[in-house]
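Now for the letters of each chain:
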Amino acid sequence: MEISWKKYAYTFLITAVIFITAIYLSNYFSQKKINEIKNIESRIAVDILASETQFSLLSELSCRDIGSSFLSKELATLGDKLAYTEQNRGSDDAEVLNLKKYYSLLQIKDFLLMQKIKERCGSNQANNGLSIMYFYSNEGDCADCEKEGFVLTKLRSDYPELRVYSFDYNLDLSALQTLVSVYNIENKLPAILINDKVYYGFKSIDDMKVALPFLVELDKQKAKAEAEAEALKAKQATSSTP
Amino acid sequence: MHLISESITYVILFVALYIEVFFLITYFEFRDKENKTEKIILPVKYPSVSIIVPVWNEETTVLKTIFSLLKLNYPKDKLSIYIVDDGSIDNTWKVIQRFSKNKQIKLLRKENGGKYTALNYALEFIDSDLVGCLDADSLVHPEALKRIVAKFEDSEMMAVTPSVKIFEPKGILGLIQKAEYIFGIFLRKVFSYLNALYITPGPFSIFRRSVFREIGGYKHAHNTEDMEIAMRMQKNNMKIGNVHNAFIYTIAPTNLITLYKQRLRWVYGFIKNAIDYRGMFFRPQYGNLGMVILPAAGFSVLSTMYFFGSMVFSWINSLVLTIKEISTVGLSFKGFSFDFFYVNTDIIVFVSFIAIVGTLLIIVTSRGLAEEKNIFGVDSVLFLMFYTLLAPIWMTKAIYNVVFSQKTKWR
């Protein structure tokens, strides 16, 4: 029985070429995604720098000029994309680690900027001073971190004005370690920092509302606005009826 | 752990793609060669042929099978039909009595002993040049025998296999099997080009009578005697060919249970015969059969199981995650917004894409071979969607049966 070794070799070559092309394409798109994250990060960095500069000029700037656009809106998008990349490339990936460090720094800067606005203009500016700082670990030592993630994602989607800063507790970043020591956050994760107070362990949406009563206020405002809209609709319907 | 499973996935994907590329290269290489050489469509001379129809409780289907044989376009004095009642307990024997006076048909009866015993029993009475078998759930195309016999003009050809199609496929299961059988026509063609056919299907494979004299009759072979005889022939360097336009129509199982039982018997039989003939694997003296086709067949069972396992594992994982999310924050509907960033661009996606394109090419090619009107059909779509979900059901059980020495039954 004849064997065409040449054909075996050609087939191997074709398969290898297909595989190498697939590897190349995958790397190409992966790099494109990393670049997209880098672009977002640099846009946020510029935003923060611009806001900081604006803030330094506050003597000439009235507090009421600080609108909702003062703080970057892309932090949440960046967080989501980074989490997705981390999931795909692994948390040990050097590029992912660098992006994560930069992201953490940007979050700290954003947080500090928000604190400054709060101090000088009171909590009614920018985003009403609504913020949560969340410390997690993905080294398998935090059973409730996954659940806490669901809670914070839900809160962020229900209250777009809420700024959620999430930090990998084990990230090797001196600024982050300083933040941890400043607020005296222990390695009992998940840990949540709200208005300078640290909460440990899983906190449900209701627990969060207790810690951040302004969220309840927002619920009331939303319900009121909805009721008014309904009433207006009903009024329009009756007036248009002959 | 993640690295190990990822590496296994890539190795399996590479091998699967290698096999697919190898089949496609082989098909197009030999098809072009075949087109250049003159095709033998009709036999120059008509050798004597005997067809054995083993029957066991087939009172409802046997008549159709016999009538289709009688309608074969082949000289009547050269064609004999041997109907062997393998100890039926229904009216089969009574039903076939209407042919008792037909000179072309011989009726034989014996105690029940299984299909292979019925075939061997009939072989004792046969001295024709060629001999074949037709299961009582199958029908033949009138030109099938002529087309097959023409292939025996090659003096080295010892057996010729036909193309099996589903008779009047009904329902989703019928359509899935229709596409599967058509896919099989392509594979059988490629295997014949490679001289690596390892199954001579029960429906209408024709052998030289001398084959049985030289290597003996059929064996029990774990209820897959049609695979064992082909393996034995290959081991003895006997050439097996294929005629893709010699169509046989077989009645497919109509429900999942009968399909499951049939496939369990096939896969179990394949694994057991593969173990019995393990000496042929990766041995160059058995040509492409030993080096590629048999290892590829074994690999297909293992890879299907692996991918199915991975798929189920990932489904369970995402289900658990969704349950956790709902129990934590309740049910919430997230609006859909497309962002290219979240499109999966892993290596596996691109390789799978190429593999799917290859599979589509095989489907289109096989439909051409099967003389189907359309190059793609609903059956092809159903096959692509559901076959990989169905096959692991009987494969898992077959592997279990082999490991724990559980035997399969015919019905």
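About the cut-offs
- Residues numbered from 1 in each chain as written.
- Chains lettered and ligands numbered in written order.
- Predicted model: local features only at pLDDT ≥ 70, side-chain atom pairs only at ≥ 80, totals over all residues.
- Heavy atoms only, no water.
- Patch = residues over 30% accessible without salt bridge, like charges linked within 9 Å, V, L, I, M, F, W, Y side chains within 5 Å.
- Areas by Shrake-Rupley, 256 points an atom, 1.4 Å probe, with all protein chains shown as cover.
- Salt bridge = Lys/Arg side-chain N within 4 Å of Asp/Glu carboxyl O.
- Helix = DSSP H or I, 4+ residues; strand = E, 2+ residues; numbered from the N terminus.
- Axes fitted to C-alpha atoms, helices over the stretch in contact; angles between N-to-C directions.
- Parallel < 35°, antiparallel > 145°, perpendicular 65-115°, else oblique.
- Left-handed = near helix turned anticlockwise from the far one by under 90°.
- Contact = heavy atoms within 4.5 Å.
- Nonpolar A, V, L, I, M, F, W, Y, C, P; charged D, E, K, R; others polar.
- Expected span 1.5 Å × (residues − 1).
- Polar contact = N/O pair within 3.5 Å; in protein donor to acceptor, adjacent residues only side chain to side chain.
- Buried < 20%, exposed > 50% of the residue type's maximum accessible area, 1.4 Å probe, protein only.
- Buried area = accessible area lost by both parts, 1.4 Å probe.
- Disulfide = S-S within 2.5 Å.
- Pairing = 2+ DSSP bridges.
- Core = buried A, V, L, I, M, F, W, Y, C linked by side-chain atoms within 4.5 Å.
- pLDDT = per-residue confidence, 0-100.

**Considering a nonpolar patch on the surface**
Residue and element names in this part refer to chain B.
At step 1: On the surface, Ile172, Ile356, Leu360, Val364, Ile375, Phe376, Val381, Leu384, Met385 and Phe386 cluster together into a nonpolar patch covering about 810 Å² of accessible area.
At step 2: Among the secondary structure elements, those contributing two or more residues to the nonpolar patch are helix 11 (347-369) and helix 12 (378-403).
At step 3: By residue number, the principal contributor to the nonpolar patch is helix 12, which donates four residues.
At step 4: Mapped onto the secondary structure, isoleucine 375 falls in the loop between helix 11 and helix 12.

**Description of the packing of helix 1 (residues 5-56) of chain A against helix 11 of chain B**
At step 1: Running from N to C, helix 1 of chain A and helix 11 of chain B cross one another at 135°; their axes reach a closest spacing of 8 Å. With respect to their mutual orientation, helix 1 of chain A and helix 11 of chain B come out oblique. As helix 1 of chain A packs across helix 11 of chain B, the resulting crossing turns out to be right-handed. For the pair helix 1 of chain A and helix 11 of chain B, the contacting residues are Ile18, Phe19, Ala22, Ile23, Leu25, Ser26 and Phe29 of chain A in the first and Ile347, Phe350, Val351 and Ile354 of chain B in the second.
At step 2: For the contact of helix 1 of chain A with helix 11 of chain B, the residue count by class is 10 nonpolar, one polar and no charged.

**Thoughts on helix 3 (residues 94-121) of chain A**
At step 1: With 28 residues, helix 3 of chain A should cover 40 Å at 1.5 Å per step; its first-to-last C-alpha distance of 40 Å lies within 8% of that length.
At step 2: Measuring from the side-chain oxygen of the N-cap residue of helix 3 of chain A to the backbone nitrogen of glutamate 95 of chain A gives 3.0 Å; that N-cap residue is aspartate 93 of chain A.

**Looking at helix 4 (residues 145-158) of chain A**
At step 1: Given a rise of 1.5 Å per residue, 14 residues ought to cover 20 Å, and the 20 Å separating the end C-alpha atoms of helix 4 of chain A matches this to within 8%.
At step 2: For helix 4 of chain A, every residue scored as buried is listed here: Cys145, Glu148, Phe150, Val151, Leu152, Lys154 and Leu155 of chain A.

**Side note on the environment of phenylalanine 212 of chain B**
Residues and elements named next belong to chain B.
At step 1: In this structure, phenylalanine 212 sits in helix 7 (residues 209-215).
At step 2: On the basis of relative accessibility, which here comes to 7%, the residue phenylalanine 212 falls in the buried class.
At step 3: Along the backbone, phenylalanine 212 and tyrosine 121 are 91 residues apart, and their C-alpha atoms lie at a distance of 12 Å.
At step 4: Sequence-distant contacts of phenylalanine 212, defined by excluding residues within four places in its chain, comprise Leu123, Val131, Phe207, Gly217, Tyr218 and Ile229.

**So, the interface of chain A and chain B**
At step 1: With 33 residues of chain A in contact, the opposing surface of chain B contributes 40 residues.
At step 2: Taking both partners together, chain A and chain B bury about 3400 Å²; carbon and sulfur atoms supply 73% of that area.
At step 3: Inspection of the region where chain A meets chain B yields three salt bridges.
At step 4: Glutamate 146 of chain A is the partner of lysine 324 of chain B in a salt bridge, and the nearest nitrogen-oxygen pair spans 2.7 Å.
At step 5: Between the two partners, chain A and chain B, sit 12 residue pairs in polar contact (both at pLDDT 80 or more).
At step 6: Among the elements of the structure, helix 1, helix 2 (75-89) and helix 4 of chain A are those that each provide at least two residues to the side of chain A that touches chain B.
At step 7: For the side of chain A that touches chain B, the leading source of residues is helix 1 of chain A, giving 19 residues.
At step 8: Class assignment for the residues of the side of chain A that touches chain B results in 19 nonpolar, five polar and nine charged.

**A closer look at the state of the cysteines**
Residues and elements named next belong to chain A.
At step 1: Considering all chains together, one arrives at one disulfide over all chains under this definition.
At step 2: One disulfide bridge connects cysteine 142 with cysteine 145, the sulfur atoms lying 1.8 Å from each other. Here the S-S torsion is close to 90°, and the disulfide linking cysteine 142 with cysteine 145 is therefore right-handed. Like cysteine 145, cysteine 142 is buried.

**Remarks on the sheet that holds strand 4 (residues 197-200) of chain A**
Adjacent strands of a sheet pair through backbone hydrogen bonds, lying either parallel or antiparallel.
Residue and element names in this part refer to chain A.
At step 1: The mixed open sheet is built from four strands, whose spatial order is 2-1-3-4. Since the sheet does not close on itself, it has two edges, and those belong to strand 2 (163-168) and strand 4, each with one partner. Ignoring strand direction, the axes of neighbouring strands in this sheet form an average angle of 20°.
At step 2: Direction of pairing for strand 3 (residues 191-194) relative to strand 4: antiparallel, over a ladder of four bridges.

**Describing the side chain of glutamate 86 of chain A**
All names here are of chain A.
At step 1: You can see glutamate 86 is positioned in helix 2.
At step 2: Of the residues examined, glutamate 86 reaches a relative accessible area of 11% and is grouped as buried.
At step 3: Not counting chain neighbours up to four residues away, the residues in contact with glutamate 86 comprise Ser91, Val96, Lys100 and Asn138.

**Observations concerning the side chain of serine 138 of chain B**
All names here are of chain B.
At step 1: One can find serine 138 in strand 5 (residues 138-140).
At step 2: Accessibility expressed as a relative area gives 0% for serine 138, which makes it buried.
At step 3: At 3.1 Å, the side chain of serine 138 forms a polar contact with the side chain of threonine 250.
At step 4: Among all residues touching serine 138, those that are not within four sequence positions of it are Thr65, Pro203, Ile248, Tyr249 and Thr250.

**Observations concerning the environment of methionine 305 of chain B**
Residues and elements named next belong to chain B.
At step 1: One can find methionine 305 in helix 10 (residues 287-329).
At step 2: In sequence terms methionine 305 and isoleucine 399 are 94 residues apart; their C-alpha atoms lie 9.9 Å from each other.
At step 3: Not counting the four nearest positions on each side in its chain, methionine 305 is found in contact with Pro392, Met395, Thr396 and Ile399.

**Examining the sheet that holds strand 3 (residues 105-110) of chain B**
All names here are of chain B.
At step 1: With mixed pairing, the eight strands of this open sheet are ordered in space as 3-2-1-4-7-6-8-5. Edge positions in the open sheet fall to strand 3 and strand 5, since each of these has one partner strand only. The average angle at which neighbouring strand axes cross in this sheet is 30°, direction not considered.
At step 2: Direction of pairing for strand 1 (residues 49-55) relative to strand 4 (residues 130-133): parallel, over a ladder of four bridges.

**Focus on the nonpolar core**
Side chains of nonpolar character tend, in soluble globular proteins, to be buried together.
At step 1: Core analysis: the largest hydrophobic core is formed by 82 residues, its most contacted members being Tyr198, Phe207, Met233 and Ile293 of chain B.
At step 2: Contacts of isoleucine 293 of chain B, omitting those with residues within four sequence positions, involve Phe23, Phe191, Leu194, Ala196, Tyr198 and Asn288 of chain B.
At step 3: Among the nonpolar cores identified, the runner-up in size contains 58 residues, and Met133, Cys145, Leu152 and Ala191 of chain A belong to it.

**What to know about the confidence of the model for chain B**
Residues and elements named next belong to chain B.
At step 1: Counting all residues, the mean pLDDT for chain B is 91, and 96% of those residues have values of 70 or more.
At step 2: Averaged pLDDT values for the elements of chain B fall to 88 in helix 1 (residues 2-36) and rise to 97 in strand 7 (residues 206-208).
At step 3: Predicted complex, confidence summary: ipTM 0.87, pTM 0.85.

**Concerning the pattern of salt bridges**
At step 1: Enumeration according to the criterion identifies 27 salt bridges over all chains in this entry.
At step 2: The residue glutamate 29 of chain B makes a salt bridge to lysine 7 of chain A at a minimum N-O spacing of 3.1 Å. Taken together, the residues span two chains, with glutamate 29 of chain B in helix 1 and lysine 7 of chain A in helix 1.
At step 3: For lysine 7 of chain A, a relative accessible area of 9% translates into the label buried.
At step 4: Residue lysine 178 of chain B is joined to glutamate 372 of chain B by a salt bridge in which the shortest nitrogen-to-oxygen separation is 3.3 Å. Of the two residues, lysine 178 of chain B sits in helix 6 (residues 171-193) while glutamate 372 of chain B sits in the loop between helix 11 and helix 12, which places them 194 residues apart along the sequence.
At step 5: On the basis of relative accessibility, which here comes to 19%, the residue lysine 178 of chain B falls in the buried class.

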